[in-house]
Amino acid sequence: MSRLRLSVLSGLLLCAGSAAAQTAPDVPAYDAAAFARCMTGIRGEAAKAGIPQAAFDRLADVTPDMSVLPLLNAQPEFTTPLWDYLAGLVDDQRVEDGRARLVEHRALLDRVAAQYGVDAETVVAVWGVESDYGRISGKRPLRVSLATLACHGRRQAFFRSEFIALLKLMHEGDLRNPDLTGSWAGAFGHTQFMPSTYARIAVDFDGDGRRDLVDSIPDALASTANYLKRSGWQTGRPWGFEVKLPAGFDIKQAGRTNRRTVADWTARGVARVDGGALPAGDTRAAVIAPTGANGPAFIVFRNYDAIYSYNAAESYALAIATLADRLRGGSGLATPWPTDDPGLSRAQRRELQTLLLARGHDIGEVDGMIGTATRRAIQAEQRRLGLTPDDGRAGRRILDALNAGR
Ligand code: CA
């Protein structure tokens, strides 16, 4: 799947610094005649995909929003360390909310597990990371964003097929609201599927005849499980475990694609941090150490790859996997991240924003989302306090300094 399938939530956390939305980016001019020509071409492709021309003309009647284009090209101006990403996505609040969802939807999750073989905690963890359990799923009109990206910018072929897939879902009645919204890149609903993934994977689990991942929690959770199943999920097996690496471990051996048997890793001195047993010796596994030999390390199996396929990012897969473990009652990672300035939970991010507001920084709403305005305010405070690096990062050190009234 494309990296463009950024869920709103991971997008906000991973690319929090992209300034496009807030600093008057260069929005290209809109050429109505060129757009009309582009749509005529898409109309032909849509017909081949089974969308009658009258339906296309009705559904594709949109005016492009050129402000989407700078987002396609935005490079994050601030980078987000893995520990910040995980501190925000897997915080106590998301664990508590997830445990409440497990109770509330127990019967449904049991039926999903019986049918697709994916456990409740993993399904709920995906839901929590993708859309904060359905609370945040994107505010940009999908037809408009995808029509714009289908006719402008550097990924037109990719977005053209997503646009056609979206119109087909609307034409066939899975999606009823033509003004449906999602992320700027076209992911939407509880599970943040792209339209083509939706078409391929989504299931009608509540039996009303429609696959509705926007308003039906049963459809959304079953579709998530179906996605994992289709990605090779092995029922009843773990995704992986946190491990201790032996002294002198050759870090070049780490990496998701370097597969060895569990017996081989054990012979090399890799062991679970909690002393527990690893799966059978002939199980294929990789060892990952995403922040190097001094940070947390993990032994990962086939189910980790299934999670990884959802969004093709190590940060994302670890968020899901470690949130699922905490939903099972786990207490979190044993090894600290290799930093003296740890990341902040959403509650701590709101606390930091409140302190910045009190110091007169115009950062808008206290929402726990660290966008460009908050970054700039943090940077100004880091400079005032002589903290280095003055990188605008929301970490424990600046929070503690402001809390101490410095
Ligand atoms: Ca349904």
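Residues numbered from 1 in each chain as written. Predicted model: local features only at pLDDT ≥ 70, side-chain atom pairs only at ≥ 80, totals over all residues. Heavy atoms only, no water.

Things to note about the overall build of the protein chain
Part 1 of the argument: Assigned secondary structure in the protein chain consists of 18 helices and seven strands.
Part 2 of the argument: In terms of overall dimensions, the protein chain is globule-like: its C-alpha atoms have a radius of gyration of 23 Å, near the 22 Å expected for 406 residues.
Part 3 of the argument: Contacts spanning at least 24 positions in sequence make up 70% of the contacts within the protein chain whose residues lie at least 6 apart.
Part 4 of the argument: Working note: accessible area of the protein chain is about 17,200 Å², and carbon and sulfur atoms make up 50% of it. (Helix = DSSP H or I, 4+ residues; strand = E, 2+ residues; numbered from the N terminus. Rg over C-alpha atoms; globule rule 2.2 N^0.38 Å. Contact = heavy atoms within 4.5 Å. Areas by Shrake-Rupley, 256 points an atom, 1.4 Å probe, with all protein chains shown as cover.)

A look at the packing of helix α17 (residues 372-385) against helix α18 (residues 396-403)
Part 1 of the argument: Following both chains from N to C, one finds α17 and α18 inclined at 65°, their axes separated by 11 Å at the closest point. Relative to α18, the element α17 lies roughly perpendicular. The handedness of the crossing between α17 and α18 is left-handed. Mapping the contact onto sequence places Ile378, Glu381, Gln382, Arg384 and Leu385 in α17 and Ile398, Ala401 and Leu402 in α18. (Axes fitted to C-alpha atoms, helices over the stretch in contact; angles between N-to-C directions. Parallel < 35°, antiparallel > 145°, perpendicular 65-115°, else oblique. Left-handed = near helix turned anticlockwise from the far one by under 90°.)

Structural notes on the state of the cysteines
Two cysteines, two sulfur atoms, one covalent bond between them: this is a disulfide.
Part 1 of the argument: Counted under the stated rule, the structure contains one disulfide.
Part 2 of the argument: Two residues, Cys38 and Cys151, share a disulfide whose sulfurs are 1.9 Å apart. Because the sign of the S-S torsion sets the handedness, a value of about -85° for the bond joining Cys38 and Cys151 places this disulfide among the left-handed ones. Here Cys151 lies in helix α9 (residues 142-151) and Cys38 lies in helix α2 (residues 32-48), a separation of 113 residues in the sequence. Pair check on accessibility: Cys38 and Cys151 agree, each one buried. (Disulfide = S-S within 2.5 Å. Buried < 20%, exposed > 50% of the residue type's maximum accessible area, 1.4 Å probe, protein only.)

Overview of the side chain of Arg143
Part 1 of the argument: Looking at where Arg143 falls in the secondary structure, it is placed in helix α9.
Part 2 of the argument: According to the relative accessible area criterion, Arg143 is buried, its value standing at 12%.
Part 3 of the argument: Polar side-chain contacts of Arg143 include one of 2.8 Å to the backbone oxygen of Pro178. (Polar contact = N/O pair within 3.5 Å; in protein donor to acceptor, adjacent residues only side chain to side chain.)

Regarding the packing of aromatic side chains
For any pair of aromatic rings, the description rests on two quantities: the centre-to-centre distance and the angle between the ring planes.
Part 1 of the argument: Across all of its chains, the model carries 13 aromatic pairs by this definition.
Part 2 of the argument: The interplanar angle of 15° and the centroid separation of 5.4 Å between the aromatic rings of Phe188 and Tyr198 together place this pair among those described as stacked. In this pair, Phe188 sits in the loop between β2 (181-182) and α11 (195-201) while Tyr198 sits in helix α11, placing the two residues ten residues apart along the sequence.
Part 3 of the argument: Judged by its relative accessible area of 0%, Phe188 is buried.
Part 4 of the argument: The interplanar angle of 75° and the centroid separation of 6.2 Å between the aromatic rings of Phe241 and Phe301 together place this pair among those described as edge-to-face. On the criterion of sequence distance, the pair formed by Phe241 in strand β3 (residues 240-244) and Phe301 in the loop between β7 (297-300) and α14 (302-311) is long-range, its members being 60 residues apart.
Part 5 of the argument: Following the ring pairs from residue to residue traces out a cluster consisting of Phe193, Tyr227, Tyr310 and Tyr316.
Part 6 of the argument: Its end group placed over the ring of Phe158, Arg155 keeps NZ or CZ at 4.7 Å from the ring centre.
Part 7 of the argument: The cationic tip of Arg260 hangs over the ring face of Trp265; the distance from NZ or CZ to the ring centre is 5.7 Å. (Phe/Tyr/Trp six-rings, centres within 6.5 Å; stacked < 30°, edge-to-face > 60°. Lys NZ or Arg CZ within 6 Å of the ring centre and 35° of its normal.)

Some words on the pattern of salt bridges
Part 1 of the argument: Under the definition given, this model contains 28 salt bridges.
Part 2 of the argument: It is possible to trace a salt-bridge network through shared partners that takes in Asp91, Arg94, Asp97, Asp132, Arg135 and Arg346. (Salt bridge = Lys/Arg side-chain N within 4 Å of Asp/Glu carboxyl O.)

What to know about the coordination of the calcium ion
Part 1 of the argument: Protein coordination at the calcium ion: the donors are Asp204 (OD), Asp206 (OD), Asp208 (OD), Arg210 (O), Asp219 (OD) and Asp219 (OD), at 2.2 to 3.0 Å from the metal.
Part 2 of the argument: Angles of 47 to 158° at the metal separate the six donor atoms of the calcium ion, which places the site in the irregular class.
Part 3 of the argument: In primary sequence terms, the donor set of the calcium ion follows D-x1-D-x1-D-x1-R-x8-D. (Donors = N, O, S within 2.8 Å, 3.2 Å for Na, K, Ca; no water. Tetrahedral: all angles 85-135°; square planar, octahedral: opposite > 155°, others 65-115°.)

Concerning the domain arrangement of the protein chain
Part 1 of the argument: One can read the domain layout of the protein chain as domain 1 (8-230), domain 2 (240-327) and domain 3 (346-403).
Part 2 of the argument: One C-alpha centre belongs to domain 1, the other to domain 3; they are set 30 Å apart. (Domains from an automatic or database assignment.)

Considering the confidence of the model for the protein chain
Part 1 of the argument: Chain-level statistics for the protein chain give a pLDDT mean of 93 and a share of 93% at 70 or above.
Part 2 of the argument: A low-confidence stretch, residues 15-23 (pLDDT under 50), is modelled with 25 contacts involving residues beyond four sequence positions or located in other chains. (pLDDT = per-residue confidence, 0-100.)

A few points about helix α6 (residues 92-104)
Part 1 of the argument: Over its 13 residues, α6 extends 18 Å from the first C-alpha to the last, a length consistent with the 18 Å expected when each residue adds 1.5 Å.
Part 2 of the argument: Within α6, the full set of buried residues consists of Arg94, Val95, Asp97, Gly98, Arg101 and Leu102. Around the axis of α6, the buried residues are gathered within 165° of arc, so they sit on the same side. Residues of α6 that are exposed and point more than 90 degrees away from the buried face comprise Asp92, Glu96, Val103 and Glu104. (Expected span 1.5 Å × (residues − 1). Arc of directions from axis to C-beta.)

A word on the nonpolar core
Part 1 of the argument: Membership of the largest hydrophobic core comes to 94 residues, with the highest contact counts inside it found for Ile42, Phe56 and Phe163.
Part 2 of the argument: With nine residues, the top contributor of residues to this core is helix α15 (residues 314-327).
Part 3 of the argument: Not counting residues up to four positions away in its chain, the partners in contact with Phe56 are Met39, Ile42, Arg43, Ala46, Ile51, Asp61, Phe163 and Leu167.
Part 4 of the argument: Formed by 14 residues, the second largest nonpolar core is a distinct cluster that contains Leu344, Leu356, Ile370 and Leu399. (Core = buried A, V, L, I, M, F, W, Y, C linked by side-chain atoms within 4.5 Å.)

Comments concerning the sheet that holds β3
In a beta sheet, neighbouring strands pair by backbone hydrogen bonds and run either parallel or antiparallel.
Part 1 of the argument: Judged by pairing direction, the sheet is antiparallel, and its five strands sit side by side in the order β4-β6-β7-β3-β5 without closing on themselves. Each of the sheet's edge strands pairs with one partner strand only, and the pair in question is β4 (260-261) and β5 (271-272). (Pairing = 2+ DSSP bridges.)

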